[in-house]
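Spelled out, the chains give:
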Amino acid sequence: MEILKASKNKFNCLVGKDLNNIRFEDLISKDNLFETPSLSDLGFLVVKNVLDKKVIKSARDAYFNLFEQGEYKEFNNDWIHLKNHKDYHGCKKHPSITFLKKNEFLNIVNSILIKKISKKILNSENTIMSPRMIVRSFSSLSERCTYAHRDKEYFNSFRPKNVITCWIPLGLVGSNNGQLIYLLDSHKREKEIDKLVNSERIISKDFNKLSKSLNLKWYRPLIEIGDVVFHSLEIIHASFDSYSNIPRLSIDLRFAASHADLDPRWSNPWRGDDGL
């Protein structure tokens, strides 16, 4: 058990590496002896060693090199965050928009292996990726973390169980840098939680109160560089405060079992001010 902070408020969080964890080789092998995991049952799944560390390093370098006003500085073979860009993340001329066109970004989101894993999890050869792909970056200079929410409030599908989120951390994550955490089994209490969603599509900013009111535990999966996390649209998740000036960088993708399962509003490239 850890004590973490979200928007400066403390909450308890379990941590582990064995829950909902599988090697990519075991997942996609033709001789797979494992039952194909269902995110409707599990909520989330950590798939190990999907991306090469060199590919991730190239993507980090490509992203932070786009900032030309001293926002980031290369240090000890990584980057440190010195100040925020004048534009909000993803808005106006923020470099995250340019990153979407970089080869280093495209090499990752078009990964053949990630597509194979998505097809396996969704059990569909017609699996398709949504064109709206999100880039996120957090550090100790960030104004806030990501509040407790479900992706089904942001991605509208007639069959939400036919859609999954793919979260790709590009570098270090953990108790110091922050990462995604999950409220265990919250995806199994969908109708009850529907009533908790507010007008901003947020479930709660108080992680401790939410955990106690639902009698469910927060969980932080131990994630290594190269791992990729998949989760259902129904599970409550969030991120917590970073204490590091080494920025956490990540990509969010949505995969659907068929074109009919896509949200048509997600047909254009992501922007931080697109209202979605």
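The coordinates are above.
Scoring rules and cut-offs
- Residues numbered from 1 in each chain as written.
- Predicted model: local features only at pLDDT ≥ 70, side-chain atom pairs only at ≥ 80, totals over all residues.
- Heavy atoms only, no water.
- Helix = DSSP H or I, 4+ residues; strand = E, 2+ residues; numbered from the N terminus.
- Rg over C-alpha atoms; globule rule 2.2 N^0.38 Å.
- Buried < 20%, exposed > 50% of the residue type's maximum accessible area, 1.4 Å probe, protein only.
- Contact = heavy atoms within 4.5 Å.
- Areas by Shrake-Rupley, 256 points an atom, 1.4 Å probe, with all protein chains shown as cover.
- Polar contact = N/O pair within 3.5 Å; in protein donor to acceptor, adjacent residues only side chain to side chain.
- Pairing = 2+ DSSP bridges.

## Brief notes about the overall build of the protein
Item 1. Broken down by element type, the protein carries eight helices and 14 strands.
Item 2. Over its C-alpha atoms the protein spans a radius of gyration of 18 Å, differing by no more than 12% from the 19 Å that the globule rule assigns to 276 residues.
Item 3. When its C-alpha atoms are laid out on the principal axes, the protein stretches across 50 × 40 × 35 Å.
Item 4. A burial count over the protein gives 54% of its 276 residues as buried.
Item 5. If you take every contact in the protein between residues at least 6 apart in sequence, the share linking residues at least 24 apart comes to 82%.
Item 6. Carbon and sulfur atoms form 48% of the exposed surface of the protein, whose accessible area is close to 13800 Å².

## Observations concerning the side chain of Lys48
Item 1. Mapping Lys48 onto the fold places it in strand S4 (residues 44-48).
Item 2. Judged by relative accessible area, which is 12%, Lys48 ranks as buried.
Item 3. Within the structure, Lys48 has its side chain in polar contact with the side chain of Glu224 (distance 3.0 Å).
Item 4. Apart from residues lying up to four places away in sequence, Lys48 is in contact with Asn21, Ile22, Arg23, Phe24, Leu222, Glu224 and Asp227.

## With respect to the pairing of strand S2 (residues 9-16)
Item 1. Relative to S2, strand S1 (residues 2-6) runs antiparallel, the two sharing five bridges. Looking at the pairing, Ile3 lines up with Asn12 of S2.
Item 2. The sheet contact formed by S2 and strand S11 (residues 218-221) spans three bridges and is parallel. Note that in S11 the partner of Leu14 across the bridge is Tyr219.

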